[in-house]
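Survey of secondary and tertiary structure
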Amino acid sequence: MTPASAVATGVTFVWLGMVLAISFLEAPLKFRAPGVDLRLGLGIGRLVFRALNAVEAVLAVALIVMIFIAGPPTGTVVAAVVTVAVLAVQLGLVRPRLTRRTDRVLAGEDAPRSKSHHVYVVLETAKVAALLVTGILLLTA
């Protein structure tokens with residue numbers, strides 16, 4: 001394994017761990033905590049996901065750079081590109097819709113639950129799968 005492949009592998013599994021911990025553990029659990037209503041939960045979620053997405057963007061750039069340097073097999077490159085593409089769709093298309101709904105709820109409106117939330121969860125699941133495949137392929141290359 002080259003140093004670039006090792007860094008790409010590390011980046012991939014750190015990114016995977018962050019997504020699993022925040023999206024699939026912290027996000028649903030915060031709404032079960034005593035005293036956390038929808039508005040407070042959305043406010044916390046907005047801060048947490050803004051930070052997660054910023055770190056994800058940095059990790060995506062690092063992954064692509066390391067993949068370019070390492071030159072792994074095509075399947076590994078495809079898996080990494082799929083991962084980054086899913087993140088781009090989340091940030092460019094889905095998050096703005098979720099932000100608009102959150103703005104309305106935080107302003108006191110009784111906004112209906114957004115279908116975009118379900119799209120985000122599906123994309124998050126796809127990103128987890130793509131990260132796992134990317135990491136495994138990097139380890140076996």
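Residues numbered from 1 in each chain as written. Predicted model: local features only at pLDDT ≥ 70, side-chain atom pairs only at ≥ 80, totals over all residues. Heavy atoms only, no water.

**Some details on the packing of aromatic side chains**
Applying the stated criterion across every chain yields a total of one aromatic pair. Centroid distance Phe 49 to Tyr 120: 6.0 Å. Interplanar angle 85 degrees. Geometry classified as edge-to-face. In this pair, Phe 49 sits in helix 2 (residues 38–70) while Tyr 120 sits in helix 4 (residues 115–140), placing the two residues 71 residues apart along the sequence. (Phe/Tyr/Trp six-rings, centres within 6.5 Å; stacked < 30°, edge-to-face > 60°. Helix = DSSP H or I, 4+ residues; strand = E, 2+ residues; numbered from the N terminus.)

**Comments concerning helix 4**
With 26 residues, helix 4 ought to run about 38 Å at 1.5 Å a step, and its terminal C-alpha atoms sit 38 Å apart, in line with that. Taken residue by residue, helix 4 has Ser 116, Tyr 120, Leu 123, Glu 124, Lys 127, Val 128, Ala 130, Leu 131, Thr 134, Gly 135 and Leu 138 as its buried positions. In this structure, the buried residues of helix 4 make contact with helix 1 (3–30), helix 2 and helix 3 (74–106). At the N-terminal end of helix 4, a side-chain oxygen is found 2.9 Å from the backbone nitrogen of Ser 116, two or three residues along, and the residue is Ser 114. (Expected span 1.5 Å × (residues − 1). Buried < 20%, exposed > 50% of the residue type's maximum accessible area, 1.4 Å probe, protein only. Contact = heavy atoms within 4.5 Å. Polar contact = N/O pair within 3.5 Å; in protein donor to acceptor, adjacent residues only side chain to side chain.)

**Brief notes about the pattern of salt bridges**
Using the criterion set out here, one finds five salt bridges in the structure. We note a salt bridge from Asp 103 to Arg 46, for which the minimum N-O separation is 2.3 Å. Of this pair, Asp 103 sits in helix 3 while Arg 46 sits in helix 2, and the two are 57 residues apart along the sequence. Accessibility expressed as a relative area gives 36% for Asp 103, which makes it partly exposed. As a salt-bridge pair, Arg 104 and Glu 109 come within 3.0 Å of each other at their nearest N and O atoms. Within the structure, one salt-bridge network assembled from shared partners comprises Glu 56, Glu 124 and Lys 127. (Salt bridge = Lys/Arg side-chain N within 4 Å of Asp/Glu carboxyl O.)

**What to know about the packing of helix 1 against helix 4**
One can describe the packing of helix 1 onto helix 4 by two numbers: an axis separation of 9 Å at closest approach and a directional angle of 155 degrees. Judged by the angle between their axes, helix 1 and helix 4 are roughly antiparallel. Handedness of the crossing formed by helix 1 with helix 4: left-handed. In this structure, helix 1 uses Ala 8, Thr 9, Thr 12, Phe 13, Trp 15, Leu 16, Val 19, Leu 20, Ser 23 and Phe 24 to contact helix 4, whose residues at the interface are Glu 124, Thr 125, Lys 127, Val 128, Leu 131, Leu 132, Thr 134, Gly 135, Ile 136, Leu 138 and Leu 139. (Axes fitted to C-alpha atoms, helices over the stretch in contact; angles between N-to-C directions. Parallel < 35°, antiparallel > 145°, perpendicular 65-115°, else oblique. Left-handed = near helix turned anticlockwise from the far one by under 90°.)

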